[in-house]
Amino acid sequence: MKKRVFIRLGLLVFVLLLIYYGFRRIKAPVKKTTELKKQITWETDIEKAKIIKDRILFWDGDYLVSLDTDGVVKDKVDHMKENLVPFFTEQYCFLYDSQMNKLYQYDGKATLKNTMDIEGELYNVLEQEGNIILHCKREEGEILYALTGKGELDGFFKTEDFILSFDVKNPFDDYVVSELSTSAAGYKSRVYVKKGDLKKYDYPSEVIMAVSKDKDIYVLTEKTLYRLTGTETIKKEVPLTTAILVHKDKIYLLHSGILSTYNKDLKEEDKKVLAANLDQLMWINGSLYGKGKGDLGGQLLTESEFYAKLGPQMEEMDISGDFVISKREHELFIFKLVNEKEETNEGGQENQ
């Protein structure tokens with residue numbers, strides 16, 4: 001009788017171990033690495049580059065060029081001698097003519113989608129939650145515009161002070177904006193929270209580095225992290241931070257090569273030293289990634305954490321899906337994220 005009990009217990013333990021390790025194997029991401037697919041040498045310096053859907057778009061000061069992910073030129077738009085300034089979002093490239101106060105909107109295939117007039121000076125264009133937000137400076141202050149589905153600009157936030165950062169879920173009903181004001185008495189930051197009624201929060205003698213809107217509002221200054229719940233304010237002193245990312249009730253801070261993870265009560269749950277010089281964080285392919293000039297870190301919260309050096313003196317990097325691009329002067333590098341065991345040596349070079 002005892003022998004049968006031990007056999008049954010042994011079988012049960014064996015089955016549980018199979019389930020446990022099988023589950024871990026399914027859930028654990030495969031370790032990745034980068035594989036160079038193409039190196040392109042262009043005739044002039046590449047100012048900015050971006051992956052947009054299944055295309056790679058770059059601006060060289062005269063031409064907007066669209067490549068496929070194999071590095072083949074598919075489309076090319078001539079804006080020679082117009083002195084345009086490029087702004088890239090997740091879906092579009094915007095080319096700004098400051099002399100004519102015009103803005104041209106192109107998709108990833110370098111197809112012109114819209115042309116619009118700009119009042120004042122265009123400072124930045126960002127895409128948040130599918131909303132295209134334009135930050136403009138005017139003599140009377142600064143303004144945020146939303147680009148509507150009809151291709152028109154609709155202002156939703158104005159201030160006489162300096163806009164620092166914003167997180168927009170809905171331009172007219174759900175957003176948070178921070179600004180900086182100065183006077184003879186000193187300086188202060190202010191946060192505006194719009195969700196129904198407009199609320200204001202002041203931070204004397206602090207400069208806001210970033211704001212993020214999740215279920216609650218998170219405000220990062222040069223020395224403190226705040227969580228605004230609507231009924232209370234929770235704060236935590238933090239080191240000078242280079243990047244913040246809020247994802248599913250977790251707050252990730254990057255500071256001096258260290259990645260810290262905080263819960264929604266702003267208690268530090270984890271701290272790890274990174275093996276690369278990263279200065280931005282993003283959530284890609286269901287995992288936390290970071291990038292810096294020439295350095296890439298991926299799957300940073302898992303056992304499959306990996307790092308890649310894409311080359312010295314890289315000026316810019318972008319990641320989308322399984323593709324990574326970086327640029328250096330007149331060179332563009334196209335990489336693909338592959339499973340480490342599948343790494344091959346198929347990289348090539350093309351002169352344009």
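### As for the nonpolar core
Among the nonpolar cores identified, the biggest contains 15 residues, and F94, L103, I118, L122, V125, I132 and L134 are the most heavily contacted of them. Listed by contribution, the elements that provide at least two residues to this core are β7 (93-97), β10 (121-128), β11 (131-138) and β12 (141-147). With residues up to four places along the chain from it excluded, the contact list for F94 reads V85, P86, F87, T89, L103, Y104, Q105, M116, V125, I132 and L147. Within the second largest apolar cluster, 14 residues are counted, among which are L296, L310, M317 and I319.

### Thoughts on the packing of aromatic side chains
According to the stated counting rule, one finds 9 aromatic pairs in the structure shown. Judged by centre distance (5.0 Å) and plane angle (85°), the rings of W42 and F58 are edge-to-face. Residue W42 is located in the loop between β1 (32-41) and β2 (48-52), and its partner F58 is located in strand β3 (residues 55-59); the two are separated by 16 residues in the primary sequence. The exposure classification of W42 matches that of F58, with both residues buried. Where Y92 meets F94, the ring centres are 6.1 Å apart and the plane angle is 65°; that geometry is what we call edge-to-face. The pair Y92 / F94 is uniform in exposure class, with both members buried. Each residue in the set F156, F157, F172, Y175 and Y192 is aromatic and connected to the rest through ring pairs, giving one cluster. Positioned above the aromatic ring of Y63, the side-chain terminus of K76 is 4.5 Å from the ring centre. One residue, K137, lies across the ring of Y123, its end atom 4.4 Å from the ring centre.

### Overview of the sheet that holds strand β17 (residues 197-204)
Taking strand neighbours across the sheet as the criterion, the 4 strands line up as β14-β15-β16-β17 in an open arrangement whose pairing is antiparallel. Only two strands of the sheet have a single neighbouring strand rather than two, namely β14 (162-170) and β17. When strand polarity is set aside, the average angle formed by the axes of neighbouring strands in this sheet is 15°. Two strands pair when backbone bridges link them, and β14 and strand β15 (residues 174-183) are joined in this way by 7 bridges, in the antiparallel orientation. Considered in β15, the bridge of N170 is made with D174.

Criteria and cut-off values
- The written sequence of each chain sets the order in which its residues are numbered from 1.
- Residues qualify for local features only when their pLDDT is at least 70, as the model is predicted, and side-chain atom pairs are given and counted only at 80 or more; totals for whole chains, interfaces and linings, by contrast, use all residues.
- Calculation of side-chain values draws on the structure's entire complement of heavy atoms; hydrogens and water are dropped beforehand.
- Buried Ala, Val, Leu, Ile, Met, Phe, Trp, Tyr and Cys residues that are joined via side-chain atoms within 4.5 Å together make up what is termed a nonpolar core.
- Exposure is judged per residue with a 1.4 Å probe applied to protein chains only, and the accessible area is read against the type maximum: over 50% gives exposed, under 20% gives buried, and values in between give partly exposed.
- Each helix corresponds to a stretch of at least 4 residues labelled H or I by DSSP, and each strand to a stretch of at least 2 residues labelled E; elements are numbered beginning at the N terminus.
- Residue contacts are defined here by distance: any two heavy atoms, one from each residue, within 4.5 Å place the two residues in contact.
- Working definition: a ring pair exists when centres of Phe, Tyr or Trp rings (six-membered ring for Trp) sit within 6.5 Å. Plane angles under 30 degrees give stacked, over 60 give edge-to-face, the rest tilted.
- Only when the NZ atom of a Lys or the CZ atom of an Arg is both within 6 Å of the ring centre and within 35 degrees of the ring normal do we say a charge sits over the ring.
- Should DSSP find at least two bridges between two strands, the strands are regarded as paired.
- Axes, fitted as lines to C-alpha atoms, cover a helix only where it is in contact. Angles between the N-to-C directions of the axes lie from 0 to 180 degrees.

Everything listed here is a matter of geometry and, on its own, says nothing about what the molecule does.
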